[in-house]
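Listed here are the chains, written in short residue letters.
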Amino acid sequence: MIPYGRQSINEADIAAVEAVLRSDFLTQGPAIEQFEKAVADYTGAKYALAVSNATIGLHIACLAAGLKLGDLLWSSPVTFVASANCGLYCGATVDFVDAEPQTGAMSVEALREKIEATQKAGKALPKVIIPVHLMGQPCAMEEIRTLADSIGAIVIEDAAHAIGATYGKQKTGSCQFSDMTVFSFHPVKIITTGEGGMVLTNREELYKSLVMLRSHGITRKAEWMENPAIAQEEPWVYEQLLLGFNARMTDIQAALGNSQLSRIEEFIARRRQLAQCYDEKLASLSSNGDDAYLELPGRRQNTDSAWHLYTIRLKPHLWSKRAEVFKSLQAAGIGVNVHYIPVHTQPYYQKLGFKSGDFPKAEAYYAGAISLPLYYGLSDSEQEFIVDTLIKTLHG
Ligand SMILES: *Cc1c(COP(=O)(O)O)cnc(C)c1O
């Protein structure tokens, strides 16, 4: 079976992990700081905080933003459930902004309209907005930032797919147009630490909250304490100032992350090459208007995707055949996947009051979506086999 995504681990990655296993610190040691500094340098962000996974990264980012019971968070419907659950963890209410038809990302138009409609109705506006860089392609961040600023909302980028992407001249993670950015290092993502994530920010006060939230809400830094004088006399003193978690990454993971980060340009270059190849080889299936079979991933100007995913969308006349196409690709040994079932259509969210039809563009994006295998180690001949099988399947 050709999987839809897969990590690439080389001897240097293994040696980096082994070195930590032979060292004094398996957690809370120097590999964490090295990895954080490396990601901060790579992205241009001022502060980087390694965490045990992106889900808890999003959760503590929301808490650092001050999100709480009675507040509102707006996320994107075409995403993994974690991009919305983070609001619910904080006791906030979650709502969604409909998608751009060509990319599945949060639509700037829909965001503007939703803000206007909310203001007109005199209803509450969101405290936090979470755009998701679907497939690794950065959202229209400058426009989203401007709209968020007009209502005083905090912007958290869910960049689980997008380490290595660029927006304008800046790398995703620079937080040029956001308050915080969250990466995931799950094995299917661009670089991996097994499980793991990173929260980036340029704002010192947010970083301070994030540091404490990662480790039980505790600080040992005298300058952060409520009673710093005690720390002088009683050097064992720590203060719990917030209700935090254990969201720490281990040094074993950080060492792997460091080693993986040194390979990122190679990873991204291959992913871009494979995506370009899919574009070229599938072009004939996407031309010819109405009787075309599918649409290729939409590209946003001024961005360079990290290409976590390559999601094609069957044209509406083939939506009823998607399951058939999916199953025959699977039967041929091709690990296709679907990204994503719109979050608001999940049973849990339906019980919160959402209905099918609430976000029609997101649902239309989903109705034809099939993600083809895309990862660093995918060979040219495997890709050729995937394309040939897809073409045969669609031609029936
Ligand atoms: C993978 C993913 C997450 C969660 O990442 P974990 O590190 O597995 O917790 C969040 N958002 C999106 C869009 C993802 O794809």
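To be clear, the structure that these remarks concern was listed above.
Residues numbered from 1 in each chain as written. Predicted model: local features only at pLDDT ≥ 70, side-chain atom pairs only at ≥ 80, totals over all residues. Heavy atoms only, no water.

Engineer: Looking at this model, I keep getting lost on the pairing of strand 2 (residues 72-75). Mind explaining?
Structural biologist: Here strand 2 shows two buried faces, one formed by Leu72 and Trp74 and the other by Leu73 and Ser75. Bridging between strand 2 and strand 3 (residues 93-96) involves four bridges; their strand directions are parallel. Directly across from leucine 73, in strand 3, lies its bridge partner valine 94. Regarding the hand of the β-α-β motif, the stretch spanning strand 2, helix 4 (residues 82-89) and strand 3 is right-handed. Strand direction decides the pairing type here: strand 2 and strand 4 (residues 128-129), joined by two bridges, are parallel. When the sheet's bridge partners are listed, tryptophan 74 is paired in strand 4 with isoleucine 129. (Buried < 20%, exposed > 50% of the residue type's maximum accessible area, 1.4 Å probe, protein only. Helix = DSSP H or I, 4+ residues; strand = E, 2+ residues; numbered from the N terminus. Pairing = 2+ DSSP bridges. Right-handed = clockwise from strand over helix to strand, strands pointing away.)

Engineer: Would you take a moment to explain the nonpolar core for this structure?
Structural biologist: Considering soluble globular proteins, one finds that nonpolar side chains tend to be buried as a cluster. In terms of nonpolar packing, the biggest core is built from 47 residues, with Cys62, Leu73, Phe96, Val128, Ile156 and Met180 touching the most fellow members. Of all elements in the fold, only strand 1 (47-51), helix 3 (54-64), helix 4, strand 3, strand 5 (154-158), strand 8 (180-184), helix 7 (204-214) and helix 13 (360-367) reach the threshold of two or more residues within this core. At seven residues, helix 3 tops the list of elements feeding residues into this core. Ignoring sequence-local partners within four residues, the contact set of leucine 73 consists of Cys62, Leu67, Ser83, Cys86, Gly87, Thr93, Val94, Asp95, Val128 and Ile130. (Core = buried A, V, L, I, M, F, W, Y, C linked by side-chain atoms within 4.5 Å. Contact = heavy atoms within 4.5 Å.)

Engineer: I would appreciate a short explanation of the site of the ligand in the present structure.
Structural biologist: What surrounds the ligand is a group of 15 residues, the closest being Thr55, Asp158, His161, Ser184 and Lys189. A distance of 2.8 Å separates an oxygen atom of the ligand from a polar atom in the side chain of serine 184. Out of a free accessible area of 380 Å², the ligand has 92% covered by protein chains. Elements with a contribution of two residues or more to the shell around the ligand: helix 3 and helix 4. Along the lines of polarity and charge, the residues of the shell around the ligand split into six nonpolar, seven polar and two charged. (Near = heavy atom within 4 Å. Polar contact = N/O pair within 3.5 Å; in protein donor to acceptor, adjacent residues only side chain to side chain. Areas by Shrake-Rupley, 256 points an atom, 1.4 Å probe, with all protein chains shown as cover. Nonpolar A, V, L, I, M, F, W, Y, C, P; charged D, E, K, R; others polar.)

Engineer: Got a minute to help me understand the sheet that holds strand 5 in this structure?
Structural biologist: Whether parallel or antiparallel, the strands of a sheet pair through hydrogen bonds between backbone atoms. The seven strands lie next to each other as 1-9-8-5-4-2-3, forming an open sheet whose pairing is mixed. The open sheet is flanked by strand 1 and strand 3, the only strands paired with a single partner. With three bridges connecting them, strand 5 and strand 8 associate as parallel partners. Across the sheet, aspartate 158 pairs through a bridge with valine 182, a residue of strand 8. The strands touched by helix 3 are strand 1, strand 2, strand 5, strand 8 and strand 9 (197-201); relative to strand 8, the strand with the most contacts, the crossing angle is about 165°. The strands touched by helix 5 (residues 108-120) within the sheet are strand 2, strand 3 and strand 4, with strand 2 carrying the most contacts at an inclination of about 155°. (Axes fitted to C-alpha atoms, helices over the stretch in contact; angles between N-to-C directions.)

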